[in-house]
Amino acid sequence: MKKTLISLVLCLVCICFATGAFAIEFRPNASTLIMSCGVYISNSGTTITADTSIATRITADELGFSYIRIQEQRGASWVTVKSVTDKYKLNGSTYTYSISYAGTAGNVYRAMAGFYAEDAGESDSRSGTSSTITAN
Amino acid sequence: MRRKRMADYHIWLVQMLHKDILTKEDVGQILDSQLNLPEKEMDVDLIEECMQFLYPEYKRGGVDAKAQEFVMKLVEQDANQNKNISGHMHSRLRPAMLLLLILAGVMLLGMAIAYALGYPIWNYAFHWGDEQVRIEIDVQSPMNTSESILPQQYQGVGKGDAFDEKLKELQFDLTLPRLPDRYSLSNVDSSTGGMITNLLGFYKAGETELHISIQKVTDANVMGSLAVEKESGYEVMTISGTSYYLFMNIDYVEVVWVSPPYIVQIGGNLDRQELVNLFNTMDGGENR
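Residues numbered from 1 in each chain as written. Chains lettered and ligands numbered in written order. Predicted model: local features only at pLDDT ≥ 70, side-chain atom pairs only at ≥ 80, totals over all residues. Heavy atoms only, no water.

> Got a sec to walk through the overall build of chain B? Specific residues and values, please.
Scanning chain B from N- to C-terminus turns up 8 helices and 9 strands. When contacts within chain B are restricted to residue pairs at least 6 apart in sequence, long-range pairs at least 24 apart make up 52% of them. Entry remark: accessible area of chain B is about 16300 Å², with carbon and sulfur atoms responsible for 53%. (Helix = DSSP H or I, 4+ residues; strand = E, 2+ residues; numbered from the N terminus. Contact = heavy atoms within 4.5 Å. Areas by Shrake-Rupley, 256 points an atom, 1.4 Å probe, with all protein chains shown as cover.)

Put into structure tokens, the structure is as follows:
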């Protein structure tokens, strides 16, 4: 019984160390489609603009933004003051989109976006948040 | 002599029972302890006496030889029962252990081959080296690109193709590596929205695919960030004071750098050295 238990433990240890050999098959490459994605915020006076950009490694069937939001800081929390959803382009490798909001001088804003790309049934998605900016 | 001893045992046990010193359960325990002894150490006579008290039918058997045979049969049955149990356990586990050992051996071999081929499998099994690089671009001064003058020696990637033409059209004033003749343009795409303009060029050289992505931020007071998520670590090349981030992934390599107002990514399914050689074509490029 003791020999059996020791043999079993040794087998399990060997399997654990060898598991990595199959990791390539089971762990998908997170960067397959989306090459880069960016969300930027800027202001012209009190007008806040969020610009988003996505680029894919190939010509994708569909790429774009599941959401784009401008958020305003109120106390310790962020409140969405402007948003759009599902902005996509078909058969392309790059897409950009902008939204604007009439902000309030002195308030702090940021932009958030969800990025999405799909090709031949394979999809890739990310999300990003910009730095903050103060309307003046 | 033996018969006398048997009789002594008999008397002894009867006396013990009558005196309520030994109960039938006690005699049963004495019998069990005797039957659990190795064969050579068993007191057959004592066993027989215990049997006679506990089993009346045995008592009627009466002959020493038959009694011994009966007892030995009990001992043998008990020994065989134990043997069957342990044998049964071993026969079940043996194929399972063999299978586990074979599986472990195959996996170990696979791991050794993967490492020999240069695949950092542990990075992917246990997320070692996961890196999320956040590249910030902050342009404080306005770039009046409509009045910018392109360098006279401006040649883009040196191909004079549709990508180079687009670079000139969009007035992308930056230094790029020169691509070898074997690379030919397969696709160009661009997009403009707000302050961002993207330009992408896709090149091929046989089975090798190379992409060039340039993002330009065209307005002042831009505070933004580009999140470049990579699965492994990166190296840094320095060319003429600019840091170039070299990322190695499973199936492609990529160089990312910021030259405000541009963020540039060049990469593909080529090997690391080939990509480094491309950047060595730039002025000041002496990376190995």
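> Mind laying out the sheet that holds strand β9 (residues 262-268) of chain B, listing which residues take part and the relevant values?
Residue and element names in this part refer to chain B. Ordered by their spatial adjacency, 7 strands build an open sheet running β2-β3-β4-β9-β8-β7-β6, and the pairing between neighbours is antiparallel. Because the sheet does not close on itself, it has two edges, and the strands there are β2 (184-193) and β6 (234-239). On average, each strand axis in the sheet is inclined to that of its neighbour by 15°, with strand direction left out of account. Against the sheet, helix α8 (residues 272-279) makes contact with β4 (208-217), β6, β7 (242-248), β8 (253-259) and β9, and its axis sits at roughly 30° relative to β8, the strand it touches most. (Pairing = 2+ DSSP bridges. Axes fitted to C-alpha atoms, helices over the stretch in contact; angles between N-to-C directions.)

> Mind laying out the packing of aromatic side chains, listing which residues take part and the relevant values?
Pairs of aromatic rings are described using the distance from one ring centre to the other and the angle between the two planes. Evaluated as defined, the whole model comprises 8 aromatic pairs over all chains. Look at B:Phe163 and B:Tyr203: their rings are 6.1 Å apart centre to centre, the planes differ by 80°, and that puts the pair in the edge-to-face class. In this pair, B:Phe163 is assigned in helix α7 (residues 162-169) and B:Tyr203 in strand β3 (residues 196-205), connecting sequence segments 40 residues apart. For the pair B:Phe163 and B:Tyr203, one class covers both residues: buried. Here the aromatic residues A:Phe65, A:Tyr95, A:Tyr97 and A:Phe115 are joined through ring pairs into a cluster of three or more. It is A:Arg69 that lies over the ring of A:Tyr67; its NZ or CZ is 4.0 Å from the centre. (Phe/Tyr/Trp six-rings, centres within 6.5 Å; stacked < 30°, edge-to-face > 60°. Buried < 20%, exposed > 50% of the residue type's maximum accessible area, 1.4 Å probe, protein only. Lys NZ or Arg CZ within 6 Å of the ring centre and 35° of its normal.)

> Lay out the confidence of the model for chain B in plain terms, naming residues and giving numbers.
Model confidence for chain B is summarised by a mean pLDDT of 70, while 58% of its residues fall at 70 or above. Every residue in residues 137-154 of chain B is under pLDDT 50, and counting partners more than four places away or in other chains gives 34 contacts. (pLDDT = per-residue confidence, 0-100.)

> Help me get a handle on the nonpolar core, residues and values and all.
In this structure, B:Phe163, B:Leu176, B:Leu210, B:Ile214, B:Leu275 and B:Phe279 are the most contacted members of the largest nonpolar core, which totals 29 residues. Broken down by element, this core gets its largest block of residues, 4 residues, from α8(B). Grouped together as the second largest cluster of nonpolar side chains are 22 residues, A:Cys37, A:Ala50, A:Ile68 and A:Ile99 included. (Core = buried A, V, L, I, M, F, W, Y, C linked by side-chain atoms within 4.5 Å.)

> Tell me what's going on with the pairing of strand β5 (residues 122-129) of chain A, and back it up with residues and numbers.
Residues and elements named next belong to chain A. Across 8 bridges, the pairing between strand β4 (residues 108-119) and β5 is antiparallel. Bridged to Glu118 within β5 is Ser123. Adjacent in sequence and paired antiparallel, β4 and β5 are bridged by 2 residues, among which Ala120 carries a positive phi angle near 50°.

> Residues and numbers for the pattern of salt bridges, please.
Residues and elements named next belong to chain B. Tallied over the entire structure, the rule returns 7 salt bridges over all chains. Of the charged contacts, one joins Glu274 and Arg182 as a salt bridge, the two residues approaching to 2.6 Å between their closest N and O atoms. With a gap of 92 residues between them, Glu274 in helix α8 and Arg182 in the loop between α7 and β2 connect regions that are remote in the sequence. With a shortest N-O distance of 3.7 Å, Lys204 and Glu209 are connected by a salt bridge. With a relative accessible area of 39%, Lys204 lands in the partly exposed category. (Salt bridge = Lys/Arg side-chain N within 4 Å of Asp/Glu carboxyl O.)

> I'd like a description of unusual backbone geometry, backed by residues and values.
For A:Asp86, which is not a glycine, the phi torsion comes out positive at approximately 50°. With respect to the helices and strands, A:Asp86 occurs in strand β3 (residues 77-102).

> Quick rundown of the packing of helix α2 (residues 24-35) of chain B against helix α3 (residues 44-54) of chain B? Include the residues and the values.
Residues and elements named next belong to chain B. Relative to each other, α2 and α3 sit at 145°, their axes nearing to 9 Å. α3 is crossed by α2, and the crossing has left-handed handedness. Facing α2, whose interface residues are Lys24, Val27, Gly28, Ile30, Leu31, Gln34 and Leu35, α3 presents Leu46, Ile47, Cys50, Met51, Phe53 and Leu54. (Left-handed = near helix turned anticlockwise from the far one by under 90°.)

> A description of the pairing of strand β2 (residues 47-74) of chain A should follow, citing residues and the corresponding values.
Residue and element names in this part refer to chain A. Two elements, strand β1 (residues 34-44) and β2, share 10 bridges in a ladder whose sense is antiparallel. Residue Gly38 lies in a different strand from β2, and its bridge partner there is Ser53. Between β1 and β2, which pair antiparallel and follow one another directly, the connecting turn spans 2 residues, one of which, Gly45, has a positive phi of 70°. With 10 bridges connecting them, β2 and β4 associate as antiparallel partners. The residue of β4 that forms the bridge with Tyr67 is Gly114.

> Can you tell me about α2(B), naming the residues and giving the values?
All names here are of chain B. Taking 1.5 Å of rise per residue, 12 residues should cover 16 Å, and α2 covers 16 Å from first to last C-alpha, within 8% of that figure. Buried residues of α2: Val27, Gly28, Leu31, Gln34 and Leu35, and no others. Seen end-on, α2 carries its buried residues on one side only, within an arc spanning 125°. The outward face of α2, more than 90 degrees from its buried face, is lined by the exposed residues Glu25 and Gln29. (Expected span 1.5 Å × (residues − 1). Arc of directions from axis to C-beta.)

> Before we move on, can you summarise a nonpolar patch on the surface with the specific residues and values?
On the surface, a cluster of nonpolar side chains totalling about 290 Å² of accessible area is made up of B:Leu98, B:Ile102 and B:Val106. The class for B:Leu98 is exposed, based on a relative accessible area of 52%. (Patch = residues over 30% accessible without salt bridge, like charges linked within 9 Å, V, L, I, M, F, W, Y side chains within 5 Å.)

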